[in-house]
Amino acid sequence: MTDQNNDRVFIFDTTLRDGEQCPGASMTFEEKLEVADVLDALGVDIMEAGFPIASQGDFESVSEIARRVKNASVAGLSRAQAKDIDRCAEAVKHARIPRIHTFISTSPVHMRYKLQMEPAKVLELIASSVSRARNHVEFVEWSAEDGTRTEPDFLCRAVETAINAGATTINIPDTVGYTTPDEYRALFEMVRARVPNADKAIFSVHCHNDLGLAVANSIAGVRGGARQIECTINGIGERAGNAALEEIVMALKTRADVLPFTNRIETTLLNRASKLVSAVTSFPVQYNKSIVGRNAFAHESGIHQDGMLKNAHTYEIMTPESVGVSKTSLVMGKHSGRHAFKEKLKELGYDLGDNGLEVAFTRFKDLADRKKIVYDEDIVALVDDEIANARERIRVVALSVMAGTKAPQSAALTLEIDGEQKTQQATGNGPVDAIFNAIRALVPHDAKLQLFQVHAVTEGTDAQAEVSVRLSDGDAVSAGKGADPDTLVASARAYVSALNKVFARRARGGVAAVAAL
Ligand code: KIV
Ligand code: ZN
């Protein structure tokens, strides 16, 4: 693993740590396991499963992921403190290949204001934290937080210290998304040339997207000698996010002629991974997002369609199938049977098992009765909604609403709460307000509504509505989604889904105990 001249690039996914850490993207325990399973099937080399010292919930999800993941190495993040490292070691110890990822800031601004430490103290902590981690596991990654704004001489001394202490991977993150491709490439070339023991570690890139350069910078870092790329599905992460895994992998695959680097990602699962991460975080994927946006392979204009019909190469640099988007779509409607529905689910990457299939099929039939054509997007929204619903403590059973010009609008809502059905009438300033008031009366809570957003899954007035709701609970934000042809039912489902996450999060150890990185 120490030859920098070979062309194998390791994919380090941090969707469950850097991605999950950003406001509003929190996932429940079960959702994290589901994402971990898809990441493992996708073929990531390392998955960073969380930050075990942050909360009991993080610790438990990292431990469970470490136990269940079959192929990937499982990493946990830890600060340069003994208690963080020991907790992290405990969490990853059952992984097939456990890794401790420890970090400390090295830039002047971070050392002076955030850490309030002298550089000599930082070097001391690098040596002690890395060697402590090495006493626990064979693979230790050390990161120079704010590496791209670190003074070069000090960065080289820090890297040398970490490698001497036993670090097997050295990550130089662009924490604030500030660098440019040329600069980042030169940084890796400089460090690898100047640090005497550089050949004893793999170098890693970790780029944030504040200037929209995260993917370009990551690839430039690889050209400078890095052989590990840290990235997230859909590019989720702090602020403007991290480098998007799907974009990096498809850039390497599509332009292998000029980027001769290999990895073991099964690209046909990229679309499924994107959909899952979007569903569990309630972060929509922008329509024109590269690789996984719904327009990424759509050819609307007449000239483009004409060219495509003559030869797909005219406007297509990669096939939709190569990222898991099927062209040979079965059109679904009210005459479609169980078998066709099952095939469609397979095509969309779902395996629901017999019971799940039955429930989803009933909802599909109901939808098909109300809507002439059921598009793939409708089925994805419906199934994701059903998957989320199936494991929730609180579920929407029935809703009727009085809306119109005469105020106040009112709602009668029945919820199933821990298996028991309860009904409540409430009024409000509009039907959505009335529904949310009914939920608050049935399930008293102090979480605050932070976002309410509606979008149509497909075109037409009979389109399903997909509603996103975010609730803030102290420092934590929980997001929920609901889908239904009736916008008000979708609203109730979305609120209840977010509320379930608030309770799940509280039950699993509350909000993150560690200050934001
Ligand atoms: O962006 C960053 O610097 C990080 C480190 C903890 C690796 O996420
Ligand atoms: Zn980061």
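Residues numbered from 1 in each chain as written. Chains lettered and ligands numbered in written order. Predicted model: local features only at pLDDT ≥ 70, side-chain atom pairs only at ≥ 80, totals over all residues. Heavy atoms only, no water.

Asks: Is there a simple way to explain the site of ligand 1 in this structure?
Replies: Around ligand 1, the structure places Arg 17, Asp 18, His 101, Phe 103, Ser 143, Glu 145, Asn 171, Pro 173, Thr 175, His 206 and His 208. In this structure, His 206 approaches ligand 1 through a side-chain N or O atom, which is 3.1 Å from an oxygen atom. Protein contacts shield 97% of the accessible area of ligand 1, which totals 260 Å² for the unbound molecule. Every element with two or more residues in the shell around ligand 1 is listed here: helix H1 (15-19), strand S4 (98-105), strand S5 (139-145) and strand S6 (169-174). (Near = heavy atom within 4 Å. Polar contact = N/O pair within 3.5 Å; in protein donor to acceptor, adjacent residues only side chain to side chain. Areas by Shrake-Rupley, 256 points an atom, 1.4 Å probe, with all protein chains shown as cover. Helix = DSSP H or I, 4+ residues; strand = E, 2+ residues; numbered from the N terminus.)

Asks: What is the right way to read the UniProt feature "domain: Pyruvate carboxyltransferase" (unreviewed entry) in the protein from this model?
Replies: What UniProt calls "domain: Pyruvate carboxyltransferase" (unreviewed entry) maps, in this numbering, to residues 9-271. For residues 9-271, the helix share is 45%, the strand share is 18%, and the end-to-end C-alpha distance is 21 Å. (UniProt positions renumbered as here; feature names shortened; annotations may be inferred.)

Asks: Could you clarify how one ought to interpret the domain arrangement of the protein in this entry?
Replies: Often, the extent of an interface is quoted as the loss of accessible area on bringing the components together. Domain annotation for the protein reports domain 1 (10-281), domain 2 (297-324), domain 3 (325-388) and domain 4 (391-508). Each partner contributes residues to the interface: domain 1 has five residues there, and domain 3 has seven residues. Counting each side, the surface lost to burial between domain 1 and domain 3 is near 470 Å², with a carbon and sulfur contribution of 58%. For domain 1, the biggest contributors to the area lost against domain 3 are Asn 271, Arg 272 and Lys 275; these three give 70% of the whole. Inspection of the domain 1/domain 3 interface yields zero salt bridges. In this structure, the connection of domain 1 to domain 3 is made through zero residue pairs in polar contact (both at pLDDT 80 or more). Per-element tally for the side of domain 1 that touches domain 3: the top contributor is helix H11 (residues 270-281), with four residues. Partitioned by chemical class, the residues of the side of domain 1 that touches domain 3 number one nonpolar, one polar and three charged. (Domains from an automatic or database assignment. Contact = heavy atoms within 4.5 Å. Buried area = accessible area lost by both parts, 1.4 Å probe. Salt bridge = Lys/Arg side-chain N within 4 Å of Asp/Glu carboxyl O. Nonpolar A, V, L, I, M, F, W, Y, C, P; charged D, E, K, R; others polar.)

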